[in-house]
Amino acid sequence: MRHHRIAALLVLFALTAAVAAKAATDQPSEGVPVLSTVNPDAAKAGALVTARGEFLDKSHLAELFLSTDKTDVKVEIVEQAATLVKFKIPAGAAPGRYGLTVLMAGREPTLLEQPVSLAVKP
């Protein structure tokens, strides 16, 4: 009798593990947008810039900003793919060094400062 209970528990455990494994693979991978390079790293207002990294498509990255400790300037995204985002430096962007900040797409939009920067030339 005891062996039957152990066998039933093992079968139940195996079924639970199989269901959990299937559920885990059915879920889309949740990636966090990360910029690793910016080219060129210095440009004038109006110029086109390419940033490369991971999870940069529209399902992960909703908006992109040039940021300082005092201001955030939204850029115009002109092209977006999984590993790159091309954008224009806004015409009104003041000269100076800016960090890049992404607004994550999704139910809970989150602003994330990126480990790259861009200089806007006069």
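As shown above, the structure is provided for reference.
Conventions adopted
- Residues numbered from 1 in each chain as written.
- Predicted model: local features only at pLDDT ≥ 70, side-chain atom pairs only at ≥ 80, totals over all residues.
- Heavy atoms only, no water.
- Helix = DSSP H or I, 4+ residues; strand = E, 2+ residues; numbered from the N terminus.
- Buried < 20%, exposed > 50% of the residue type's maximum accessible area, 1.4 Å probe, protein only.
- Contact = heavy atoms within 4.5 Å.
- Areas by Shrake-Rupley, 256 points an atom, 1.4 Å probe, with all protein chains shown as cover.
- Pairing = 2+ DSSP bridges.
- Axes fitted to C-alpha atoms, helices over the stretch in contact; angles between N-to-C directions.
- Salt bridge = Lys/Arg side-chain N within 4 Å of Asp/Glu carboxyl O.
- Polar contact = N/O pair within 3.5 Å; in protein donor to acceptor, adjacent residues only side chain to side chain.

S.K.: Hey, could you run me through the overall build of the chain in this one?
M.R.: A count of helices and strands for the chain gives one helix and nine strands. For the chain, the α and β elements follow one another from N to C terminus as α-β-β-β-β-β-β-β-β-β. Expressed as a percentage of the 122 residues in the chain, the buried residues total 29%. If you take every contact in the chain between residues at least 6 apart in sequence, the share linking residues at least 24 apart comes to 58%. When the accessible surface of the chain is split by element, carbon and sulfur atoms take 59% of a total near 8,200 Å².

S.K.: It is not clear to me how the sheet that holds strand S7 (residues 84-88) should be interpreted in this structure. Could you clarify?
M.R.: Strand pairing in a sheet relies on backbone hydrogen bonds, with the paired strands running either antiparallel or parallel. Spatially, four strands are ordered S1-S3-S7-S6 in an open sheet, and the strand pairing comes out antiparallel. The sheet is open, and its two borders are formed by strand S1 (34-39) and strand S6 (76-80), each paired with just one other strand. The mean angle between the axes of side-by-side strands here comes to 30 degrees, regardless of whether they run parallel or antiparallel. Sheet topology places strand S3 (residues 48-54) next to S7; five bridges connect them, and they run antiparallel. Note on S7: the bridge partner recorded for leucine 48 is lysine 88.

S.K.: Even after reading the chapter, I still don't get the sheet that holds strand S4 (residues 61-67), so can you show me in this structure?
M.R.: Strand order across the open sheet formed by five strands is S2-S9-S8-S4-S5, with mixed pairing between neighbours. Two strands lie at the open edges of the sheet, namely strand S2 (42-44) and strand S5 (72-74), each paired on one side alone. Along the sheet, successive strands turn relative to each other by an average axial angle of 40 degrees, direction set aside. Note that S4 and strand S8 (residues 96-104) share six bridges and pair antiparallel. Opposite phenylalanine 65, over in S8, you have threonine 101 as the bridge partner.

S.K.: Looking at this structure, I do not really get the pattern of salt bridges. What am I missing?
M.R.: When the charged atoms of two side chains lie near each other, side chains of opposite charge can form a pair. Within the structure shown, the criterion is met by two salt bridges. We note a salt bridge from lysine 74 to glutamate 63, for which the minimum N-O separation is 3.4 Å. Of this pair, lysine 74 sits in strand S5 while glutamate 63 sits in strand S4, and the two are 11 residues apart along the sequence. Under the relative-accessibility criterion, glutamate 63 is labelled partly exposed at 24%. As a salt-bridge pair, glutamate 79 and lysine 86 come within 3.8 Å of each other at their nearest N and O atoms. Its relative accessible area of 25% is what places lysine 86 among the partly exposed residues.

S.K.: I keep staring at the side chain of serine 67 and nothing clicks. Help me out?
M.R.: Topologically, serine 67 is positioned in strand S4. Engagement of the side chain of serine 67 in a polar contact is seen with the side chain of threonine 101, the distance being 2.8 Å. Filtering out sequence-adjacent residues up to four positions away, serine 67 remains in contact with Asp72, Tyr98, Gly99 and Thr101.

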